[in-house]
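Results of the structural survey
Here's the letter readout for the chains.
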Amino acid sequence: MAKETQKAAKALEATVEQLVAGREAEPKREKAPGKESVYMAGELAANARKLFGTRPECVMAALKAVGRRECTVSEAEGIVKKYLKKEVR
């Protein structure tokens, strides 16, 4: 399980670097075109600054608010943006 987590973390870091560089992520494994990898909330939060320009706590709170434990980077980006624009009461 630890090896799987390390592999997932390395894959996420590679994806983050490609996204930050302004390039589309190239799939390492053969998968259907247009499908993105799904990441756990903790992995997304760990890379919150690079991916979303926010703190990890914001990512975790946003995903928890919508009840998501895992999602793609683009889904998480939409969720986080919407969460950060919410009006505080």
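Whatever comes next refers back to the structure up there.
Basis of the calculations
- Residues numbered from 1 in each chain as written.
- Predicted model: local features only at pLDDT ≥ 70, side-chain atom pairs only at ≥ 80, totals over all residues.
- Heavy atoms only, no water.
- Salt bridge = Lys/Arg side-chain N within 4 Å of Asp/Glu carboxyl O.
- Buried < 20%, exposed > 50% of the residue type's maximum accessible area, 1.4 Å probe, protein only.
- Helix = DSSP H or I, 4+ residues; strand = E, 2+ residues; numbered from the N terminus.
- Expected span 1.5 Å × (residues − 1).
- Arc of directions from axis to C-beta.
- Contact = heavy atoms within 4.5 Å.
- Core = buried A, V, L, I, M, F, W, Y, C linked by side-chain atoms within 4.5 Å.

Things to note about the pattern of salt bridges
Side-chain pairs of opposite charge can arise where the charged atoms are in close proximity. One pass over the full model with this rule turns up 3 salt bridges. For E57, the salt bridge goes to R55, with nearest N and O atoms at 3.4 Å. The exposure class assigned to R55 is partly exposed, which follows from its relative accessible area of 45%. Among the salt bridges present, the one from E75 reaches R68, with a minimum N-O distance of 3.1 Å. Among the residues examined, R68 registers a relative accessible area of 31% and is labelled partly exposed.

A short note on helix α5 (residues 73-84)
An α-helix turns once per 3.6 residues; consequently, residues spaced three or four apart project the same way. Compared with the 16 Å implied by 1.5 Å per residue over 12 residues, the 16 Å span of α5 between its first and last C-alpha is a close match. Those residues of α5 lying buried are V73, A76, I79 and V80. Down the axis, α5 shows its buried residues gathered within 125° of arc, on one side only.

A look at helix α4 (residues 56-65)
Within α4, the full set of buried residues consists of V59, A62 and L63. One side of α4 holds all its buried residues, which, seen down the axis, span an arc of 95°. Opposite the packed face of α4, turned more than 90 degrees from it, sit the exposed residues K64 and A65. Buried-residue contacts for α4 involve α2 (41-46), α3 (48-52), β2 (70-71) and α5.

Examining the environment of M40
Tracing the backbone shows M40 in strand β1 (residues 39-40). The class for M40 is partly exposed, based on a relative accessible area of 42%. Considered as a pair, M40 and R69 are 29 residues apart in the sequence and their alpha carbons are 6.0 Å apart. Leaving out residues up to four positions away in the same chain, M40 has contacts with R69 and E70.

A word on the nonpolar core
Judged by nonpolar contacts, the single largest core of 15 residues is most densely connected at L44, F52, V59, L63 and A76. Each residue touching F52, except ones within four places of it in the same chain, is listed here: L44, V59, V73, A76, E77 and V80.

A look at the environment of A41
Secondary-structure assignment places A41 in helix α2. Separated by 22 residues in the primary sequence, A41 and L63 have C-alpha atoms spaced 7.0 Å apart. Here A41 is in contact with M60, L63, R68, R69 and E70, once residues within four sequence places are set aside.

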